[in-house]
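Summary of structural features
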Amino acid sequence: MNLILLGAPGAGKGTQAEAITRALGIPQISTGDLIRAAIREQTPLGREFQSYANAGALVPDGLVNRIVEDRLSQPDCNGGFLLDGFPRTLAQAEWLTGALAAAGRRIDRVLLVEVDDAVILERITGRRSDPETGRVYHVTFDPPPADVAARLVQRPDDTEAVLTKRLREYHEKTNQVVPYYERLGLLSRIDGLGSVPEVRQRVLGALGVEHRTGG
Ligand code: AMP
């Protein structure tokens, strides 16, 4: 299945993406992760991304489309993929439709995880990650054990000021992507409020995938 996971930053896309990729055995393609990796490695493209990402601004469409095209051409995407964080503009969505069609492929379903901005602000400003393991915690909802707490870091774009900018970008630009997929009859809306397992149940239900506990 070729899938897209849409939703505001902090809607829980990354967490739910893990459940989907495990259930369906398809790779998760997070443009945010690809962009952060390029920044970490300080590739020429990475240096270009840095100023946009740290300010909470969207990277120009042409640059993101290139990294997506490159990633989708890799063999592990032949049996399906889950896009997380892409497309974020109407131009990216239209480009994706064309690029997939040229390769004889198409999107099968688009899941939109919906959460209010106030909840997002609470979730994201408390988010911290462990640089050694990559594990993500929340200072209130999922506190870290005492021995890792001291080394946790906050993403530079998870502060309240930058998040507010990211949410504005989302409402201004990404909201145009929703009616695009709605018109194509591909959109499923998922209520993103509730516990991680509750939302997971809804997401897998929308895909017609039975949820197995314990795995
Ligand atoms: P994320 O982890 O998905 O919130 O992405 C982090 C940052 O990477 C965003 O704030 C943007 O600067 C950039 N980014 C990720 N995906 C895209 C995209 N599809 N289009 C433009 N910029 C993106």
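See the structure above.
Procedures and definitions
- As a convention, each chain's residues are numbered from 1 in the sequence order in which they are written.
- Two thresholds apply to this predicted model, a pLDDT of at least 70 for residue-level local features and 80 or more for giving and counting side-chain atom pairs, whereas whole-chain, interface and lining totals are computed over all residues.
- Side-chain numbers come from the whole structure's heavy atoms, not from hydrogens or water.
- It suffices for a single heavy atom of a residue to lie within 4 Å of a molecule or strand for the residue to be listed as near it.
- The term polar contact refers here to a pair of N or O atoms within 3.5 Å; inside protein, the definition further demands a hydrogen-donor-capable atom paired with an acceptor-capable atom, and it admits residues adjacent in sequence only when both atoms are side-chain atoms.
- Per-residue and other accessible areas were derived by the Shrake-Rupley procedure at a 1.4 Å probe size, with only the shown protein chains allowed to occlude residues.
- Helix and strand definitions follow DSSP, with helices as H or I runs of at least four residues and strands as E runs of at least two, each counted in order from the N terminus.
- Residue polarity is assigned by list, with Asp, Glu, Lys and Arg as charged and Ala, Val, Leu, Ile, Met, Phe, Trp, Tyr, Cys and Pro as nonpolar; anything else, Gly included, falls into the polar class.
- We call a residue buried when its accessible area falls under 20% of the maximum for its residue type, exposed when it is over 50%, and partly exposed in between, using a 1.4 Å probe and counting protein chains only.
- At least two bridges found by DSSP between two strands are what make those strands a pair.

What follows is about the site of the ligand. Taken together, 16 residues are adjacent to the ligand, and Thr31, Arg36, Ala57, Gly85 and Gln92 come closest. Taking threonine 31, its side chain carries an N or O atom lying 2.8 Å from a nitrogen atom of the ligand. A total of 470 Å² of accessible area belongs to the ligand in isolation, and the protein chains cover 95% of it. Tallying contributions element by element places helix H2 (residues 31-41) first for the shell around the ligand, with four residues. Of the residues in the shell around the ligand, the class split is seven nonpolar, four polar and five charged.

With that settled, the discussion passes to the pairing of strand E1 (residues 2-7). Counting buried positions over the six residues of E1 gives six, a clear majority of the element. Where burial is concerned, the two faces of E1 agree: the one with Asn2, Ile4 and Leu6 and the one with Leu3, Leu5 and Gly7 are both buried. As paired elements, E1 and strand E3 (residues 81-84) share four bridges and run parallel to each other. When the bridges of E3 are listed, asparagine 2 appears paired with phenylalanine 81. Bridging between E1 and strand E4 (residues 109-114) involves five bridges; their strand directions are parallel. Bridge assignment links isoleucine 4 to a residue of E4, and that residue is valine 110.

Once that is clear, we can look at unusual backbone geometry. That bond from phenylalanine 86 to proline 87 is cis: its omega, -5 degrees, falls within 30 degrees of zero. Along the polypeptide, proline 87 turns up in the loop between E3 and helix H5 (90-102). The phi angle at glutamine 42 is positive, at roughly 55 degrees, despite the residue not being glycine. Counting through the fold element by element, glutamine 42 comes out in the loop between H2 and helix H3 (44-54). Judged by its relative accessible area of 33%, glutamine 42 falls in the partly exposed class.

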